[in-house]
Amino acid sequence: MMPSAILSNQLQQRIKKDQMDRYLMNGRDFIDDGAIWKKIHEAAEPSAARVREILRKSSEIQTLSSDDLAALIKVQDPEMLREMRETALRIKKKVYDNRIVTFAPLYMGNYCVNHCAYCGFKRENIEAKRRVLSQEEIRGETEILAGKIGHKRVIAVYGEHPLTGIDYILESMKTIYGVKTPTRRGYGNIRRVNVNAAPMPIEEFVRLRDGGLGTYQVFQETYHHETYAKLHPKGTPKSDYRWRLYAMHRAMEAGIEDVGIGALFGLYDWRFEVMALLDHAVHLEAAMGIGPHTVSFPRVEPALNSEDVVHSPYKVSDEDFKRIILLIRLAIPYTGMILTARETAPLRRDAIGLGITQTDASSRIGIGGYGEEGNGQESERQQFMLGDTRSLDELVRDFAERGHIVSFCTAGYRCGRTGKCIMDLLRSGQEGKFCKLNAVLTFQEWLDDFATPATREAGLRVLEKELREIRERNPRGFPVFFQGLERVRKGERDLFL
Ligand code: SAM
Ligand code: SF4
């Protein structure tokens, strides 16, 4: 293979200056580091009346201003913090009810031309065992995810390298969608492929959209310009801060309506990152008419040769991490919020109570990890270490025992409920009408096909409660819905409204 410096150079040629410069304001991007710090420093602890005024806005599913958020960052009063937590939970219930969506990460390859200081895949990690999955291997991994574990959504993750460029991404998506595998009562397949891959030019985003993409996800890592430059050395494609910052603008220009933003917490001061995430959401909505479909909260985890970063002064404690989740739930109330298996089981339980809506399970992040024995945790093969390696079955049971229903619904993008349409539905609390019904249909399907007896028992209790609520809300429409449920119980699959 060519030396990585040459490959890196090739990939940098894809960066099209005009595709980011057109969004700049007076030659500047929308993250103004000085202005963010000024707001944080100047905000004082708000009065109870001011906190309640802000919480009223959040409850009405309005995006907060950066002044509002800076004020909430300063809250110390335990009573006000309690009200913030209660409001966050109410918002989550209003917008997403008691549903949790699950997915599995599917790592496609760990070749990468970049040298991100915190990542096990960085090119200078010569100890890393490099691999790209063949289409046959992708098929094998998908059969396990869809046929044995029961996932319906994956996030396909790619290093930045010519071996995993847009042609490979499209082929791999096609392979994943093509798998249909028998289960206990029906069949299993992946119905939504989300992609986490390096920023692309608009032309490639158009191809990604046409390939049946669910959500395009990319994290800014840190929004702080100077820290970003330090962690992403010059001469790599990722060193271009603005190419990454405007990736979602380009994706939306290309017609991709569901995009997921995020910051890698622990690289810089979390207060700055939270303010910047809000700025990103606000600017995206102002420029493109749609805010982020999801926000992610990865925390830096130990990875091969990244000790400096992991032990940085910006390491985020569990308490601060929960505060971050709470603040984003209140600041961008309509958005989906993703917490991954990087975090431990107890923290994930707490986070659900603060407004998280999506999480992964049975996760393996070594390349080709699903087909292997053991828990798949091996530092030379994976990007970082996981905090929670529980199976999907265990996670479903845990959530069901706490009254949550795991939704395997993937209807949204397949029946046009994406982008602005879904944002409006979420804001008005209308999305629940479809989602609750689809959650029940897909949960029944999963319980019949994959659950162990104990999980099935816990799951059926939640299902009964959901059915009672659906009947009470719409007694006249209930019989038609119930017929659909009976069809699922008899083995029909992938019914949705
Ligand atoms: N290569 C693409 C990119 O960087 O955008 C996509 C794949 S990359 C493997 C996905 C994400 O993993 C990165 O955006 C980063 O936030 C996260 N990541 C990298 N190193 C990590 C670490 N040590 N702990 C936790 N997350 C990490
Ligand atoms: Fe490559 Fe992404 Fe890891 Fe950076 S974070 S080294 S771009 S895989």
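A quick note: this is a predicted structure, and the numbers were derived from the prediction, not measured. (Residues numbered from 1 in each chain as written. Chains lettered and ligands numbered in written order. Predicted model: local features only at pLDDT ≥ 70, side-chain atom pairs only at ≥ 80, totals over all residues. Heavy atoms only, no water.)

Engineer: Looking at this model, I keep getting lost on the domain arrangement of the protein. Mind explaining?
Structural biologist: The accessible area lost on association of the parts is a frequent measure of interface size. Here the protein is partitioned into domain 1 (33-88), domain 2 (98-417) and domain 3 (430-489). Taken over C-alpha atoms, the centre of domain 1 sits 38 Å from the centre of domain 3. (Domains from an automatic or database assignment.)

Engineer: Explanation requested: the packing of aromatic side chains in the structure shown.
Structural biologist: Between two aromatic rings, the relevant description is the distance of the centres plus the angle of the planes. Counted by the stated rule, this structure contains 14 aromatic pairs. Ring centres of Tyr107 and Phe121 lie 6.0 Å apart, and the angle between their planes is 75 degrees; on these two criteria the pair is classed as edge-to-face. With Tyr107 in strand E1 (residues 99-109) and Phe121 in the loop between E1 and helix H7 (135-149), this pair connects stretches of sequence that are 14 residues apart. This pair shows no difference in class: Tyr107 is buried, exactly as Phe121 is. Taking the centre distance of 5.3 Å and the plane angle of 80 degrees together, the rings of Tyr268 and Phe272 count as edge-to-face. When its relative accessible area of 0% is taken as the criterion, Phe272 is described as buried. (Phe/Tyr/Trp six-rings, centres within 6.5 Å; stacked < 30°, edge-to-face > 60°. Helix = DSSP H or I, 4+ residues; strand = E, 2+ residues; numbered from the N terminus. Buried < 20%, exposed > 50% of the residue type's maximum accessible area, 1.4 Å probe, protein only.)

Engineer: Sorry if this is basic, but what is going on with the pairing of strand E7 (residues 259-262) here?
Structural biologist: In regular strands, side chains alternate between the two faces of the sheet. Burial of the side chains of E7 extends over both faces: Val259 and Ile261 are buried on one face and Gly260 and Gly262 on the other. Note: strand E6 (residues 213-217) against E7, 2 bridges, orientation parallel. Paired with Tyr216 across the bridge in E7 is Val259. Judged from the 3 bridges that link them, E7 and strand E8 (residues 294-296) form a sheet pairing that is parallel. Bridge pairing in E8 places Gly262 opposite Ser296. Viewed along the sheet, the connection from E7 through helix H13 (residues 270-288) into E8 turns out right-handed. (Pairing = 2+ DSSP bridges. Right-handed = clockwise from strand over helix to strand, strands pointing away.)

Engineer: Looking at this structure, how should I read the pattern of salt bridges?
Structural biologist: Once the charged atoms of two side chains with opposite charge are near each other, the side chains can pair. A full pass over the atoms with the stated rule returns 49 salt bridges. As a salt-bridge pair, Glu203 and Lys16 come within 2.6 Å of each other at their nearest N and O atoms. Of this pair, Glu203 sits in helix H9 (residues 202-210) while Lys16 sits in the loop between helix H1 (4-12) and helix H2 (18-21), and the two are 187 residues apart along the sequence. Its relative accessible area of 39% is what places Glu203 among the partly exposed residues. Between Arg191 and Glu445 there is a salt bridge whose closest N-O contact spans 2.6 Å. Residue Arg191 is located in the loop between strand E4 (187-188) and strand E5 (192-196), and its partner Glu445 is located in helix H20 (residues 431-450); the two are separated by 254 residues in the primary sequence. Arg191 gets classed as buried once you look at its relative accessible area, which sits at 3%. When salt bridges that share partners are traced, they join Arg348, Arg349, Asp360, Asp388, Arg390, Asp398 and Arg402 into one network. (Salt bridge = Lys/Arg side-chain N within 4 Å of Asp/Glu carboxyl O.)

Engineer: I tried to follow the state of the cysteines on my own but got confused; where do I start?
Structural biologist: Linking two cysteines covalently through their sulfur atoms gives a disulfide. Scanning all chains against the criterion turns up 0 disulfides. There is no disulfide at Cys435, and the cysteine sulfur nearest it, in Cys409, is 5.6 Å away. (Disulfide = S-S within 2.5 Å.)

Engineer: Just to check I follow, could you spell out the environment of Leu11 for this structure?
Structural biologist: Assignment of secondary structure puts Leu11 in helix H1. You can call Leu11 buried: its relative accessible area is 10%. The spacing of Leu11 and Gly266 is 255 residues in sequence and 28 Å in space, taken between C-alpha atoms. For Leu11, the residues in contact, after removing those within four places along its chain, are Val113, Glu160, His161, Pro162 and Pro237. (Contact = heavy atoms within 4.5 Å.)

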